[in-house]
Amino acid sequence: MKKTRPKTPPAWQRCAWCDKRIDPEAEVFGCGARTIPGIDLSAKEGEALPLYLALSHRTVPALVVPRDSQAKREGNDLYFLICSESCGRVLKEALERDKEAFGIMSLN
Ligand SMILES: [Zn+2]
């Protein structure tokens, strides 16, 4: 696992699908996902993991949801930030297609 370089802008400031910069002031859309039990991501909380979607031939940044966050309480382990509803739809379809490849069980 690579360490995030401090100079790199956080991955969650960009759309996970189209890589467009997301204005922190703008309304943001998100898509949460759950990992299969047994995958311990606690050491990676708050970091973005590059998730390779083999069937879509692209890598999307998955933010590891911190334990005490609202997203976690809603049952998410991973979170994808997206710029628009249409990106969310396409991303979700891609994740559904590839979910067996990386162990995500259900998309919320
Ligand atoms: Zn987008």
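Scroll up a little and you will see the structure.
A brief structural summary. (Residues numbered from 1 in each chain as written. Predicted model: local features only at pLDDT ≥ 70, side-chain atom pairs only at ≥ 80, totals over all residues.)

The buried count for strand β4 (residues 78–82) comes to five of five residues, which makes it a mostly enclosed element. Bridge analysis of strand β3 (residues 58–64) against β4 gives two bridges, and the strand direction is antiparallel. Bridge pairing in β4 links valine 64 to leucine 78. (Buried ≥ 20, exposed ≤ 12 C-beta atoms within 10 Å, placed from the backbone. Helix = DSSP H or I, 4+ residues; strand = E, 2+ residues; numbered from the N terminus. Pairing = 2+ DSSP bridges.)

The biggest cluster of nonpolar side chains holds 20 residues, and the ones touching the most others in it are Ala16, Leu63, Phe80, Ile82 and Leu91. Of all the secondary-structure elements, those providing two or more residues to this core are β1 (29–35), β3, β4 and α2 (85–102). Considering each element in turn, this core owes the most residues, five residues, to β4. (Core = buried A, V, L, I, M, F, W, Y, C linked by C-beta atoms within 7 Å.)

This next bit is on the environment of tyrosine 52. Turning to its location among the elements, tyrosine 52 is positioned in strand β2 (residues 48–53). With 46 residues separating them along the chain, tyrosine 52 and aspartate 98 place their C-alpha atoms 9.1 Å apart.

All we've got here are geometric facts, nothing functional implied.
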